[in-house]
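The lines below spell out each chain.
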Amino acid sequence: MQYKIIQRNNELWSAEFDIINDKDQVVGNISFNGNMGSVNGVFDIKYMNDHMSMIPTTIETAKEMAGRYVDFSSSGKIIKPYTIDYNGNSGIIFSHLTKTKSYLNIGNDPLNMYVIGFGKKGLCNPIYRGETCVGEIHKEVTVYDDLHEFSLCFPDYNIVPAQILLTCHSYVMHYYKPGKKITKGMSKNIYTTKDKELILKCKNSYYLND
């Protein structure tokens with residue numbers, strides 16, 4: 001099954017997205033609001049009957065909330081930590097120093113997402129619960145007018161909220177350009193992963209079979 005997150009507008013410090021289901025119906029929306037002089041911002045997310053928010057927080061808070069689930073001695077520096085509110089349940093999300101791995105934990109259910117580039121074919125971001133791949137987020141290389149589109153691939157609808165949160169974090173990590181004018185026309189962002197072990201984490205991806 002596949003959903004899409006499509007960016008509808010892009011201002012200097014804000015953005016709006018629609019969440020589209022596999023029947024091309026809008027089932028939610030995402031509002032992002034940044035601040036002048038900051039590379040972060042606040043996400044407000046509505047999906048079906050769920051309400052989620054993401055707010056920037058400190059590294060100390062991220063370490064405390066991640067607790068025993070992350071070995072910080074080997075994971076490297078924490079980047080862009082955000083606290084999450086998901087229908088009243090708290091959580092944490094952040095990336096690691098290499099920018100190739102993100103961590104999400106809500107209700108003691110830790111997930112890891114990996115950023116894997118297949119050159120001109122695009123990006124595959126597999127999401128793992130332990131050793132099991134529970135979904136993927138795909139992104140094409142080509143972007144028009146700085147409006148980004150993400151595809152959420154999943155076997156179970158229960159993983160969609162986590163995919164939405166990880167997509168939001170990916171946007172602010174890699175694509176948000178605070179205070180910069182929109183790039184009109186077509187642009188490309190090509191990224192290639194050479195680590196074979198990392199590439200194999202995209203177990204369900206069409207990239208590996210093309």
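Fair warning: this is a prediction, and the values are worked out from it, not measured in the lab.

> Can you help me understand the packing of aromatic side chains in this one?
Two aromatic rings, taken as a pair, are described by how far apart their centres are and by the angle between their planes. On inspection of all chains with the given rule, the structure shows 13 aromatic pairs. With a centroid separation of 5.1 Å and an interplanar angle of 90°, the aromatic rings of Tyr 3 and Phe 154 are classed as edge-to-face. Of this pair, Tyr 3 sits in strand β1 (residues 2-10) while Phe 154 sits in the loop between β14 (149-153) and α3 (160-174), placing them 151 residues apart in sequence. The pair formed by Tyr 3 and Phe 154 is uniform in burial state, with each residue classed as buried. Aromatic side chains Phe 94 and Tyr 103 sit 5.1 Å apart centroid to centroid with 35° between the ring planes, which places their arrangement in the tilted category. For the pair Phe 94 and Tyr 103, one class covers both residues: buried.

> I tried to follow the state of the cysteines on my own but got confused; where do I start?
The bond known as a disulfide is covalent and runs between the sulfur atoms of two cysteines. In the structure shown here, the tally under the stated rule is 1 disulfide. Across a sulfur-sulfur distance of 2.3 Å, Cys 124 and Cys 202 are joined as a disulfide pair. Handedness here is read from the sign of the S-S torsion; for Cys 124 and Cys 202, about -120°, the answer is left-handed. On the criterion of sequence distance, the pair formed by Cys 124 in strand β11 (residues 123-129) and Cys 202 in the segment after α4 (196-199) is long-range, its members being 78 residues apart.

> Explanation requested: the pattern of salt bridges in the structure shown.
A pair can form between side chains of opposite charge whenever their charged atoms are brought close. Across all of its chains, the model carries 5 salt bridges by this definition. Of the charged contacts, one joins Glu 149 and Lys 4 as a salt bridge, the two residues approaching to 3.4 Å between their closest N and O atoms. Here Glu 149, found in strand β14, pairs with Lys 4, found in strand β1; they are 145 residues apart in sequence, far enough to count as distant. The partly exposed category is assigned to Glu 149, whose relative accessible area is 35%. When the shortest N-O distance is used, the salt bridge between Asp 44 and Lys 46 registers 2.9 Å. For Asp 44, a relative accessible area of 27% translates into the label partly exposed.

> Would you mind going over the nonpolar core with me for this structure?
Looking at soluble globular proteins, one finds that nonpolar side chains tend to be buried together. Core analysis: the biggest nonpolar cluster contains 40 residues, and Ile 19, Ile 30, Phe 43, Ile 45, Leu 104 and Ile 164 have the highest contact counts within it. It is α3 that provides the largest number of residues to this core, a total of 8 residues. Setting aside residues up to four positions removed in sequence, Leu 104 forms contacts with Ile 84, Ile 92, Ile 93, Asp 109, Pro 110, Leu 111, Ala 162, Leu 165 and Leu 166.

> Even after reading the chapter, I still don't get α3, so can you show me in this structure?
For an α-helix, the turn length of 3.6 residues means that residues three or four places apart are oriented alike. For α3, spanning 15 residues, the distance from its first C-alpha to its last is 21 Å, which sits close to the expected 21 Å at 1.5 Å a residue. Taking burial as the measure, the 15 residues of α3 include 14 buried ones, the bulk of the element.

> Help me understand the environment of Phe 118, please; the structure alone is not making it clear to me.
Structurally, Phe 118 can be placed in strand β10 (residues 116-119). Residue classification places Phe 118 among the buried positions, given a relative accessible area of 16%. Along the chain, Phe 118 and Tyr 191 lie 73 residues apart, while their C-alpha atoms are 6.7 Å from each other.

> Mind showing me how you'd approach the environment of Phe 154 here?
The exposure class of Phe 154 is buried, given its relative accessible area of 4%. Between the alpha carbons of Phe 154 and Ile 137 there is a distance of 8.7 Å; along the sequence they are 17 residues apart. Discounting chain neighbours no more than four positions away, the residues touching Phe 154 are Met 1, Gln 2, Tyr 3, Gly 135, Ile 159, Val 160 and Gln 163.

> Can you help me understand the environment of Asp 145 in this one?
Summarising the element assignment, Asp 145 is placed in the loop between β13 (142-144) and β14. In this structure, the C-alpha to C-alpha distance between Asp 145 and Ser 187, residues 42 residues apart in sequence, is 7.9 Å. Not counting chain neighbours up to four residues away, the residues in contact with Asp 145 comprise Ile 182, Thr 183, Lys 184 and Gly 185. A polar contact is formed between the side chain of Asp 145 and the backbone nitrogen of Gly 185, at a distance of 2.7 Å.

> Explain the pairing of β14 to me, please; I cannot follow it from the model alone.
Regular strands show a simple pattern: their side chains alternate between the two faces of the sheet. Counting buried residues along β14, 4 of its 5 residues qualify, which places the element largely inside the surrounding structure. Judged from the 5 bridges that link them, β1 and β14 form a sheet pairing that is antiparallel. Each residue of the ladder has a partner; that of Tyr 3, found in β14, is Leu 152. Here strand β12 (residues 132-139) runs beside β14; their pairing, made up of 3 bridges, is antiparallel. By the bridge assignment for β14, Glu 136 is matched with Cys 153.

Scoring rules and cut-offs
- Residues numbered from 1 in each chain as written.
- Predicted model: local features only at pLDDT ≥ 70, side-chain atom pairs only at ≥ 80, totals over all residues.
- Heavy atoms only, no water.
- Phe/Tyr/Trp six-rings, centres within 6.5 Å; stacked < 30°, edge-to-face > 60°.
- Helix = DSSP H or I, 4+ residues; strand = E, 2+ residues; numbered from the N terminus.
- Buried < 20%, exposed > 50% of the residue type's maximum accessible area, 1.4 Å probe, protein only.
- Disulfide = S-S within 2.5 Å.
- Salt bridge = Lys/Arg side-chain N within 4 Å of Asp/Glu carboxyl O.
- Core = buried A, V, L, I, M, F, W, Y, C linked by side-chain atoms within 4.5 Å.
- Contact = heavy atoms within 4.5 Å.
- Expected span 1.5 Å × (residues − 1).
- Polar contact = N/O pair within 3.5 Å; in protein donor to acceptor, adjacent residues only side chain to side chain.
- Pairing = 2+ DSSP bridges.

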